[in-house]
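Given next are the chains, with one letter for each unit.
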Amino acid sequence: MAEDKKVGLLIVYTGNGKGKTTASLGMCVRAVGYDWRICIIQFIKGSWKYGELEGIKRLLPNVELNVIGEGFVGIIDDNKSFEEHRRAAQNGVNLALEKIKSGQYQLVVLDELNVACDLGLVTEQELHQIVEARKSDQYLVITGRNASDWLIEKADLVTEMKEVKHPYQKGILAQKGIDW
Ligand code: ATP
Ligand code: MG
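Notes on the structure in this doc start here. (Residues numbered from 1 in each chain as written. Chains lettered and ligands numbered in written order. Predicted model: local features only at pLDDT ≥ 70, side-chain atom pairs only at ≥ 80, totals over all residues. Heavy atoms only, no water.)

Coordination of the magnesium ion (ligand 2) by the protein involves Thr 21 (OG1) and Glu 112 (OE), with metal-donor separations of 2.1 to 2.2 Å. Here Glu 112 lies in the loop between strand 4 (107-111) and helix 4 (113-118) and Thr 21 lies in helix 1 (residues 20-32), a separation of 91 residues in the sequence. You'll find Thr 21 and Glu 112 in the same group, each marked buried. (Donors = N, O, S within 2.8 Å, 3.2 Å for Na, K, Ca; no water. Helix = DSSP H or I, 4+ residues; strand = E, 2+ residues; numbered from the N terminus. Buried < 20%, exposed > 50% of the residue type's maximum accessible area, 1.4 Å probe, protein only.)

Surveying the vicinity of ligand 1 reveals 14 residues, the closest of which are Lys 18, Lys 20, Glu 112, Glu 163 and Asp 179. Here an oxygen atom of ligand 1 sits 2.8 Å away from a polar atom, N or O, in the main chain of Lys 20. Measuring from an oxygen atom of ligand 1, one finds a side-chain N or O atom of Glu 112 at 2.6 Å. Within the shell around ligand 1, the residues separate by chemical class into one nonpolar, six polar and seven charged. (Near = heavy atom within 4 Å. Polar contact = N/O pair within 3.5 Å; in protein donor to acceptor, adjacent residues only side chain to side chain. Nonpolar A, V, L, I, M, F, W, Y, C, P; charged D, E, K, R; others polar.)

Considered for burial, the residues of helix 5 (residues 124-133) that qualify are Glu 126, Leu 127, Ile 130, Val 131 and Ala 133. End-on, the buried residues of helix 5 take up no more than an arc of 160°, which puts them together on one face. Among the exposed residues of helix 5, those pointing more than 90 degrees away from its buried face are Gln 125 and Glu 132. Where helix 5 is buried, its residues meet strand 1 (10-14), helix 3 (82-102), strand 4, helix 4, strand 5 (139-143) and helix 6 (149-154). (Arc of directions from axis to C-beta. Contact = heavy atoms within 4.5 Å.)

Taken as a whole and assessed by the stated rule, the structure comprises one aromatic pair. On the numbers, 5.4 Å between centres and 25° between planes, the contact of Trp 36 with Tyr 139 is stacked. Here Tyr 139 lies in strand 5 and Trp 36 lies in the loop between helix 1 and strand 2 (38-42), a separation of 103 residues in the sequence. The pair Trp 36 / Tyr 139 is uniform in exposure class, with both members buried. (Phe/Tyr/Trp six-rings, centres within 6.5 Å; stacked < 30°, edge-to-face > 60°.)

Given 3.6 residues per turn, any residue in an α-helix points the same way as the ones three and four places further on. The first and last C-alpha atoms of helix 1 sit 19 Å apart over 13 residues, in line with the 18 Å expected at 1.5 Å per residue. Restricting attention to buried positions, one finds in helix 1 the residues Lys 20, Thr 21, Ser 24, Leu 25, Cys 28, Ala 31 and Val 32. Relative to the axis of helix 1, the buried residues are bounded by an arc of 135° and lie together on one face. Where helix 1 is buried, its residues meet strand 1, strand 2, helix 2 (50-57), strand 3 (63-67), strand 4 and strand 5. (Expected span 1.5 Å × (residues − 1).)

What follows deals with the pattern of salt bridges. Going through the model one piece at a time under the given rule, you end up with six salt bridges. Note that Glu 132 and Lys 154 form a salt bridge whose closest N and O atoms lie 3.9 Å from each other. With a gap of 22 residues between them, Glu 132 in helix 5 and Lys 154 in helix 6 connect regions that are remote in the sequence. (Salt bridge = Lys/Arg side-chain N within 4 Å of Asp/Glu carboxyl O.)

Membership of the largest hydrophobic core comes to 30 residues, with the highest contact counts inside it found for Phe 43, Leu 110, Leu 113, Ile 130 and Ile 142. Of all the elements in the fold, those that place two or more residues in this core are strand 1, strand 2, helix 3, strand 4, helix 4, helix 5 and strand 5. Looking at this core element by element, the count peaks at six residues for helix 3. Here Ile 130 is in contact with Val 93, Ala 96, Leu 97, Ile 100, Leu 110, Leu 113 and Leu 140, once residues within four sequence places are set aside. (Core = buried A, V, L, I, M, F, W, Y, C linked by side-chain atoms within 4.5 Å.)

Okay, structure coming up:
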């Protein structure tokens with residue numbers, strides 16, 4: 001029998017296979033069914049694509065999406081300094097702390113926070129602050145490759161998406177409606 005009692009969980013989607021962001025989006029869709037308030041913060045700009053950005057508009061006013069990334073770090077067209085990326089990430093950390101502490105959201109999704117940590121844009125200490133700000137009845141989802149050992153230890157639910165096959169290996173590019 002399904003449990004109706006709300007406990008609050010720290011949830012992590014990590015690994016090198018596809019599905020981390022879409023899993024968190026699926027969770028948002030489910031939660032909207034119960035009229036929850038949801039806050040999504042996108043740490044790496046571009047991690048949320050046109051499809052989900054438009055799709056989320058249909059989940060208004062339950063879902064609020066905040067984009068804070070400063071583009072892709074270290075990629076050819078990246079003309080921002082590390083300091084600029086770091087400041088943007090810090091804004092994201094402050095926003096995440098504010099949103100979590102407000103107690104207004106039953107579900108908070110911090111998309112690609114693991115990647116921001118892995119790149120050194122968010123410090124381990126800032127990650128600790130975020131995780132520790134969660135109230136016991138809130139659900140917090142953190143996505144992205146290379147989740148830290150500390151986060152994995154701390155989380156209640158960790159799923160590692162493992163790449164078994166990906167069409168990219170056959171040269172098939174990202175598909176509209178599926179990847180973006
Ligand atoms: P998605 O947004 O589709 O759920 P993800 O969040 O698991 O993917 P990311 O690490 O955020 O994956 O990757 C961002 C982009 O790279 C996505 O558009 C995704 O389709 C694509 N991608 C994810 N996994 C792979 C893979 N194993 N090989 C090639 N491309 C991938
Ligand atoms: Mg993703």
